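# A structural walkthrough
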Amino acid sequence: MANETKQRRTGVRLDMRLALGLLAAALLIIGLVAALRPGRSGPEPAPEVSDSVPAAAAEVTPVPAPEPTPEPRPAPPEVDLDSWELRLVRRDSPLPADFAPELEEIEEGQMFDNRAVMHLRKLIADARAAGYSVYVCSGYRSYDTQSFIYWNHVQDYEKQGMTREEAEAATAIAVNYPGGSEHQLGLAADILEYQGQAMEPWIGGSGLMLWLQEHCADYGFVVRYPEGKTDVTGVEYEPWHLRFVGSCAWYLMEYDLCLEEFRALYQ
């Protein structure tokens, strides 16, 4: 019995040694197979860590936010382009030398078309009520008066050494040719803060000029020669020159249109 027990224990130990040997051989074979797989020559290197920004990321340009789409301009109001208040007066569409509207005094001898003078008086009164000094520099001017002003300017430029052609070109953007002035039409007025104030584009930033820009349409008036429209009107920016156009004034001022551009909408 003792010999049989001893033999059984010896057999168990042999079986365990054989199992451990087989396991070790299997692990060795698995390791050799993994090492011999294509594309693997050894353990993979650890990835390098860099503090620098990758080139692709450095070249990325931020995409700007889209600009808001402007609201479409509404259709222009229904008007009669042949009506008296929308008449276009320019050098290339002049008034006859004998043209004169029926006039009424604004104040201090300055005259205006009697169909619109009440609107100008109201504008002046409200500007003064708002705290501004108002001086009506010029209202209606006859053909002869306009001719005198125009040719005096030409002569002044000639005295400065300009040729007649150069003098007329320089005069044309500041003084309308006789027959081509809205002052003869009787619907234009030059409004300043005081007598003798410089009539230069830079006064457009002064108090009264800003008030006129903001409020003139409430009374049926527009700044007839707006800033940036000289190539259309043929006249330099004149913030003091107001023109009566009636009920469509708000449309011109709201959408920054000169009278030529407004009339073109209907053609």
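Next up on the list: unusual backbone geometry. Backbone geometry places Glu-108, a non-glycine residue, at a positive phi of 50°. Inspection of the secondary structure assignment puts Glu-108 in the loop between strand S1 (103-107) and strand S2 (110-113). The exposed category is assigned to Glu-108, whose relative accessible area is 69%. Its identity as a non-glycine residue notwithstanding, Asp-256 has a phi of 55°, on the positive side. By the secondary structure assignment, Asp-256 is in the loop between helix H9 (249-254) and helix H10 (259-264). On the basis of relative accessibility, which here comes to 45%, the residue Asp-256 falls in the partly exposed class.

This brings us to the nonpolar core. Counting residues in hydrophobic clusters, the biggest one holds 43 residues, and the most contacted among them are Leu-123, Ile-191 and Phe-221. When residues of this core are traced back to their parent elements, those giving at least two are helix H3 (117-129), strand S3 (135-138), strand S4 (188-192), helix H7 (207-215), strand S5 (221-225), strand S6 (238-244), H9 and H10. Per-element accounting of this core gives the leading share, five residues, to H3. In contact with Ile-191, not counting residues within four places along its chain, are Leu-120, Val-134, Tyr-135, Val-136, Leu-208, Met-209, Leu-212, Trp-240 and Leu-242.

What follows is about the sheet that holds S3. Strand order in the open sheet formed by four strands is S3-S4-S6-S5, with antiparallel pairing between adjacent strands. Each end of this open sheet is capped by a strand with a single partner; those strands are S3 and S5. Taken pair by pair, the neighbouring strands of this sheet meet at an average axis angle of 45°, ignoring direction. Inspection of the sheet shows S4 paired to S6 by three bridges, in the antiparallel sense. Considered in S6, the bridge of Ala-188 is made with Arg-243. Across the sheet, H3 touches S3, S4, S5 and S6, and the angle it forms with S5 is around 90°. Running over the sheet, H7 touches S4, S5 and S6 and is turned about 140° from S4.

Conventions we followed
- Residues numbered from 1 in each chain as written.
- Predicted model: local features only at pLDDT ≥ 70, side-chain atom pairs only at ≥ 80, totals over all residues.
- Heavy atoms only, no water.
- Helix = DSSP H or I, 4+ residues; strand = E, 2+ residues; numbered from the N terminus.
- Buried < 20%, exposed > 50% of the residue type's maximum accessible area, 1.4 Å probe, protein only.
- Core = buried A, V, L, I, M, F, W, Y, C linked by side-chain atoms within 4.5 Å.
- Contact = heavy atoms within 4.5 Å.
- Pairing = 2+ DSSP bridges.
- Axes fitted to C-alpha atoms, helices over the stretch in contact; angles between N-to-C directions.

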